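Topology and contacts: notes
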Amino acid sequence: MRYKDTGNVHMDFHLSTNATIEYILQHYDLDFLRELFRRTAQKVYKDLYENLKAGNAAPLVEHTAYYIEREGGALTVTEKDDEIIIDVIRCPAVFHARERGYRAPTDFCLQTALMNNAWSEGTPFEITTCIRSEGTCRQILRRKNNATQ
């Protein structure tokens with residue numbers, strides 16, 4: 001896996017990311033944030049994006065599972081038919097915010113949905129992100145109706 005940090009992780013990174021999202025939404029708008037995450041998904045994480053464009057979702061699933069588990073979160077991955085379902089049971093970022101006395105706003109999880117939307121652009125996949133409750137979500141990767149394998 002190309003994107004695999006193995007050093008110490010400072011979980012307050014998530015708090016700064018959240019503060020950045022809030023700042024952008026207050027001073028700019030959702031379209032600006034959407035474009036920021038689109039560029040991040042497609043240019044910074046270019047290898048994941050290129051694999052998705054080639055019809056290979058495995059690197060994105062591996063990346064997601066690695067980071068959630070590495071940071072003390074929990075998830076399940078289920079594959080069926082042309083779907084891969086990632087159920088995040090305990091988001092480490094949201095739970096870290098709670099442990100530090102912050103209530104994670106809805107916008108905190110917005111980054112996941114915006115990254116997934118950007119990753120699916122121009123690929124044979126659609127990625128649906130359903131926020132279930134604070135700290136839990138379901139991400140469904142499925143082939144678009146007209147996509148071939």
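First, a word on scope: everything that follows refers to the structure included in this document. (Residues numbered from 1 in each chain as written. Predicted model: local features only at pLDDT ≥ 70, side-chain atom pairs only at ≥ 80, totals over all residues. Heavy atoms only, no water.)

Roughly 940 Å³ of volume is contained in the largest pocket. His14, His63, Tyr67, Gln111 and Thr112 are, among the 35 residues lining the largest pocket, the residues nearest its centre. Of all the secondary-structure elements, those providing two or more residues to the lining of the largest pocket are α1 (12-27), α2 (30-44), α4 (58-70), β2 (83-90), α5 (92-99), α6 (106-120) and β4 (136-143). Sort the elements by how many residues they give to the lining of the largest pocket and α6 lands first, with 7 residues. In the lining of the largest pocket, the residues fall into 21 nonpolar, 11 polar and 3 charged. By volume, the second largest pocket amounts to about 190 Å³. Around the second largest pocket, the lining comprises 13 residues; the ones closest to its centre are Ala57, Glu79, Asp81, Glu83 and Ile84. Mapped by element, the contributors of at least two residues to the lining of the second largest pocket are α4, β1 (74-80), β2 and β4. (1 Å grid on protein atoms, 1.4 Å probe; cavity = no way out; pocket = protein on both sides within 12 Å on 5 of 7 lines; lining within 4 Å. Points joined across faces, edges and corners; volume = space filled by probe spheres on them. Helix = DSSP H or I, 4+ residues; strand = E, 2+ residues; numbered from the N terminus. Nonpolar A, V, L, I, M, F, W, Y, C, P; charged D, E, K, R; others polar.)

Summed over the entire model, instances satisfying the criterion amount to 11 salt bridges. Salt-bridge contacts for Arg142 lead to Glu126; the nearest nitrogen and oxygen are separated by 3.6 Å. Taken together, the residues Arg142 in strand β4 and Glu126 in strand β3 (residues 125-133) connect sequence positions 16 residues apart. What makes Arg142 partly exposed here is its relative accessible area of 23%. Given the relative accessible area of 33%, Glu126 is considered partly exposed. If you follow the salt bridges from partner to partner, you end up with Glu35, Arg38 and Arg39 in one network. (Salt bridge = Lys/Arg side-chain N within 4 Å of Asp/Glu carboxyl O. Buried < 20%, exposed > 50% of the residue type's maximum accessible area, 1.4 Å probe, protein only.)

Let us now look at a nonpolar patch on the surface. A contiguous nonpolar surface patch, about 340 Å² in accessible area, is contributed by Tyr23, Tyr28 and Phe32. Of note, Tyr23 is situated in helix α1. What makes Tyr23 partly exposed here is its relative accessible area of 44%. (Patch = residues over 30% accessible without salt bridge, like charges linked within 9 Å, V, L, I, M, F, W, Y side chains within 5 Å. Areas by Shrake-Rupley, 256 points an atom, 1.4 Å probe, with all protein chains shown as cover.)

Turning our eyes to something else, we now look at the environment of Glu121. For Glu121, the location among the structural elements is in the loop between α6 and β3. Each C-alpha atom of the pair Glu121 and Arg38 lies 9.0 Å from the other, and the pair is 83 residues apart in sequence. If we skip the residues at most four places from it in the chain, Glu121 touches Arg38, Gln42 and Tyr49. (Contact = heavy atoms within 4.5 Å.)

Moving on, we come to the side chain of Glu71. Structurally, Glu71 can be placed in the loop between α4 and β1. No salt bridge is formed by the buried Glu71; the nearest opposite charge belongs to Arg70, separated by 4.9 Å. Not counting residues within four places of it along the chain, the set of residues in contact with Glu71 comprises Val9, Met11, His14 and Pro92. (Lys, Arg positive; Asp, Glu negative; His and termini not counted.)

On to helix α3 (residues 46-53), then. Listing the buried residues of α3 in full gives Leu48, Tyr49, Asn51 and Leu52. Axial view of α3: buried residues confined to an arc of 160°, hence all on one face. (Arc of directions from axis to C-beta.)

This next bit is on the environment of Ala74. With respect to the helices, strands and loops of the structure, Ala74 is situated in strand β1. Remark: the alpha-carbon pair of Ala74 and Ile89, spanning 15 residues in sequence, is separated by 5.3 Å. Ignoring sequence-local partners within four residues, the contact set of Ala74 consists of Ile68, Asp87, Val88, Ile89 and Arg90.

Before going further, it helps to spend a moment on α2. Over its 15 residues, α2 extends 20 Å from the first C-alpha to the last, a length consistent with the 21 Å expected when each residue adds 1.5 Å. Of all the residues in α2, the buried ones are Leu33, Phe37, Ala41 and Gln42. Considered in projection along α2, the buried side chains sweep an arc of 150° and stay on one side of the axis. Exposed residues on α2 whose side chains face more than 90 degrees from its buried face are Asp31, Lys43 and Val44. The opening residue of α2 is Asp29, an N-cap whose side-chain oxygen sits 3.2 Å from the backbone nitrogen of Asp31. (Expected span 1.5 Å × (residues − 1). Polar contact = N/O pair within 3.5 Å; in protein donor to acceptor, adjacent residues only side chain to side chain.)

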